[in-house]
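Inside the fold
Listed below, chain by chain, are the residues.
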Amino acid sequence: LEKLPDDLMLLNYHKEVPISFKTSIKLIDRGLVEITVHKLQAIVMGMQKATSVKSDHLPHSVLAKVQRIDSDSNLAFLSQFCYVTIPSDRRKYVRVLVSGRYDARFSSNQKSVHGTIRDISIGGVAIPAQAADNIEVNAVGKVTMVLSGTKAEIPGKLLRISDENDKRKYAVELEPGTKYEGLISKLIIQQQGEIIRELREQC
């Protein structure tokens with residue numbers, strides 16, 4: 001029989017950043033699967049108590065519960081496997097949770113909401129802000145932000161409004177192909193670097 005390629009990968013999202021490293025199965029015993037695990041992956045798996053297993057030989061991603069992690073031997077023990085569809089896998093753009101304060105405003109027809117950037121991608125931004133009853137979903141307008149010292153005004157459409165703690169979160173779709181994509185990409189890379197650095201410091 002032809003041996004299938006060993007292409008198992010683990011996937012977790014930490015602050016919207018994908019953490020994914022190759023893994024291999026060491027032992028299967030009574031529903032408990034022992035696998036190798038990278039130290040960065042182990043930190044996130046330990047926090048979330050779960051991970052996704054991906055392979056070209058599986059019809060869908062598999063969600064597994066993390067029973068235990070042995071950091072000294074770089075091993076993890078998984079159980080309770082089930083097929084799942086991961087919404088993040090369907091995203092068109094890389095998104096990142098933003099630390100630090102980056103002010104943002106969405107305005108439409110002389111109405112606006114003011115807040116800070118919660119997360120951002122080339123295709124959209126989420127802005128937690130005080131509730132503004134005068135702006136409705138599907139409003140077309142623009143998002144104003146300051147990125148790397150440059151004021152960016154990007155056309156956008158308000159897609160969703162949801163509650164978040166004592167505020168509301170306004171999810172805005174950004175118009176693609178604007179001259180500010182490079183500045184957004186720079187912010188995303190910077191934030192990703194800081195998140196990975198935080199994880200490395202925990203190793």
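Residues numbered from 1 in each chain as written. Predicted model: local features only at pLDDT ≥ 70, side-chain atom pairs only at ≥ 80, totals over all residues. Heavy atoms only, no water.

Remarks on the sheet that holds strand β6 (residues 61–70)
- Here 7 strands make up an open sheet; going across it, the order is β2-β1-β5-β6-β7-β4-β3 and the pairing antiparallel. Pairing within the sheet leaves two strands with one partner each, and these edge strands are β2 (17–22) and β3 (25–29). Averaged over neighbouring strand pairs, the angle between their axes works out to 35° when direction is ignored.
- Where strand β1 (residues 9–14) lies against strand β5 (residues 50–54), 3 bridges are found, and the strand directions are antiparallel. Paired with Leu-10 across the bridge in β5 is Val-53.
- Sheet strands in contact with helix α1 (residues 39–48) are β1, β2, β5, β6 and β7 (75–84), and its direction is about 60° off that of β1.
- Helix α2 (residues 181–202) rests against β1 and β2 of the sheet, and its axis sits at about 55° to β2. (Pairing = 2+ DSSP bridges. Helix = DSSP H or I, 4+ residues; strand = E, 2+ residues; numbered from the N terminus. Axes fitted to C-alpha atoms, helices over the stretch in contact; angles between N-to-C directions. Contact = heavy atoms within 4.5 Å.)

Points about α1
- When α1 is considered as a whole, its buried residues turn out to be Leu-40, Gln-41, Ala-42, Ile-43, Val-44 and Met-45.
- In the stretch just after α1, Lys-49 is the one whose phi turns positive, near 60°. (Buried < 20%, exposed > 50% of the residue type's maximum accessible area, 1.4 Å probe, protein only.)

Some points on α2
- For α2, spanning 22 residues, the distance from its first C-alpha to its last is 32 Å, which sits close to the expected 32 Å at 1.5 Å a residue.
- Among all positions of α2, only Leu-183, Ile-184, Leu-187, Ile-188, Gln-191, Ile-195 and Leu-199 are buried. Viewed along the axis of α2, the buried residues span an arc of 150°, placing them on a single side of the element. For α2, the exposed residues set more than 90 degrees away from the buried face come down to Gly-182, Lys-186, Ile-189, Arg-200 and Glu-201. (Expected span 1.5 Å × (residues − 1). Arc of directions from axis to C-beta.)

Focus on the pairing of β7
- Across 4 bridges, the pairing between strand β4 (residues 32–36) and β7 is antiparallel. Along β7, the bridge assignment pairs Val-33 with Leu-78.
- Where β6 lies against β7, 8 bridges are found, and the strand directions are antiparallel. Looking at β7, one finds that Lys-65 is bridged to Ser-79.
- Between the antiparallel neighbours β6 and β7 lie 4 residues, among them Asn-74 with a positive phi of about 55°.

Quick word on the packing of aromatic side chains
- Under the criterion given, the structure shown has 0 aromatic pairs.
- The ring centre of Phe-77 lies 4.1 Å from the NZ or CZ of Arg-68, which sits over that ring. (Phe/Tyr/Trp six-rings, centres within 6.5 Å; stacked < 30°, edge-to-face > 60°. Lys NZ or Arg CZ within 6 Å of the ring centre and 35° of its normal.)

Quick word on the pattern of salt bridges
- Across all of its chains, the model carries 9 salt bridges by this definition.
- Note that Lys-142 is salt-bridged to Glu-153, the shortest N-O span being 3.6 Å. Separated by 11 residues along the polypeptide, Lys-142 in strand β13 (residues 140–147) and Glu-153 in strand β14 (residues 150–164) bring together distant segments of the chain.
- Here Lys-142 falls in the partly exposed class, since its relative accessible area comes to 32%.
- A salt bridge links Arg-168 to Asp-163, with the shortest nitrogen-to-oxygen separation between them at 3.6 Å.
- Judged by its relative accessible area of 30%, Arg-168 falls in the partly exposed class.
- On the basis of relative accessibility, which here comes to 65%, the residue Asp-163 falls in the exposed class. (Salt bridge = Lys/Arg side-chain N within 4 Å of Asp/Glu carboxyl O.)

Things to note about the nonpolar core
- Phe-106, Ile-117, Ile-120, Val-125, Val-143, Met-145 and Ile-184 are the most contacted members of the largest nonpolar core, which has 36 residues in total.
- For this core, the secondary-structure elements that each account for two or more residues are β2, α1, β9 (103–108), β12 (124–129), β13, β14, β15 (167–174) and α2.
- Considering every element that reaches this core, the biggest residue donor is α2, with 6 residues.
- Excluding residues within four positions of it along the chain, Met-145 makes contact with Asp-103, Ala-104, Ile-117, Ile-120, Val-125, Thr-150, Lys-151, Ala-152 and Ile-154.
- Among the nonpolar cores identified, the runner-up in size contains 13 residues, and Leu-10, Val-33, Met-45 and Leu-78 belong to it. (Core = buried A, V, L, I, M, F, W, Y, C linked by side-chain atoms within 4.5 Å.)

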